[in-house]
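Single-letter residue listing:
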Amino acid sequence: MNATASAAYRKIVADYMTETPLSVRRRLLDAIDVYNNGYDDNRASAIDAIASGRAAYWTTSTYSAARTVDLPLALNRGVSIREALEQAFPAWCADRREAALDTIVPLNRKAAIALSGAYASFGIWRDEAELEMRALRDCRKVA
């Protein structure tokens, strides 16, 4: 782990130990900056989830990927990740659900735990700390 990643990981651990609505909102602003996608509806839904103490999410996607841009709207209302994926990707495109997990950015510990569980339901292991890093560094695959 390089020094930058190590410092970011220490920040996540410190934030987890003192996670507050303000620290989660800061993570939201970090994610918006990292992915350069400040969607007003998603921002409002994330702020509502943060204020309500629910799991809060952001996305790595841009408007060209409308289905995954809209995922956080359902997730921030409290819909389970599995249910949100089934709504966004009906049976005829169910093969895209697993890949859509990679676009979800957890903003708090509750969201990271839920996302880790969603990956596990597909037989994939993702550590919560690794998932929380998505709010601080761009996790999109570069071709």
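In case you missed it, the structure is sitting above this.
Residues numbered from 1 in each chain as written. Predicted model: local features only at pLDDT ≥ 70, side-chain atom pairs only at ≥ 80, totals over all residues. Heavy atoms only, no water.

Trainee: Help me out: how do you make sense of the pattern of salt bridges in this one?
Mentor: A pair can form between side chains of opposite charge whenever their charged atoms are brought close. Following the criterion strictly, the structure yields seven salt bridges and no others. Between R126 and E130 there is a salt bridge, and its shortest N-O distance comes to 3.6 Å. Residue R126 is classed as partly exposed on the basis of its relative accessible area, which comes to 25%. Where salt bridges share partners, they join R27, R109 and E132 into one cluster. (Salt bridge = Lys/Arg side-chain N within 4 Å of Asp/Glu carboxyl O. Buried < 20%, exposed > 50% of the residue type's maximum accessible area, 1.4 Å probe, protein only.)

Trainee: Please clarify how the packing of aromatic side chains should be interpreted in this entry.
Mentor: Given two aromatic rings, their pairing is described by the distance between the two centres and the angle made by the two planes. Under the counting rule described, the total for this entry stands at one aromatic pair. With a centroid separation of 6.3 Å and an interplanar angle of 20°, the aromatic rings of Y39 and W58 are classed as stacked. Linking Y39 in the loop between helix 2 (21-35) and helix 3 (40-52) with W58 in strand 1 (residues 57-59), this pair joins segments that are 19 residues apart in sequence. Relative accessible area serves as the criterion here: at 8%, Y39 is assigned to the buried category. A cation over a ring is seen here: R82 above F122, with NZ or CZ 4.3 Å from the ring centre. (Phe/Tyr/Trp six-rings, centres within 6.5 Å; stacked < 30°, edge-to-face > 60°. Helix = DSSP H or I, 4+ residues; strand = E, 2+ residues; numbered from the N terminus. Lys NZ or Arg CZ within 6 Å of the ring centre and 35° of its normal.)

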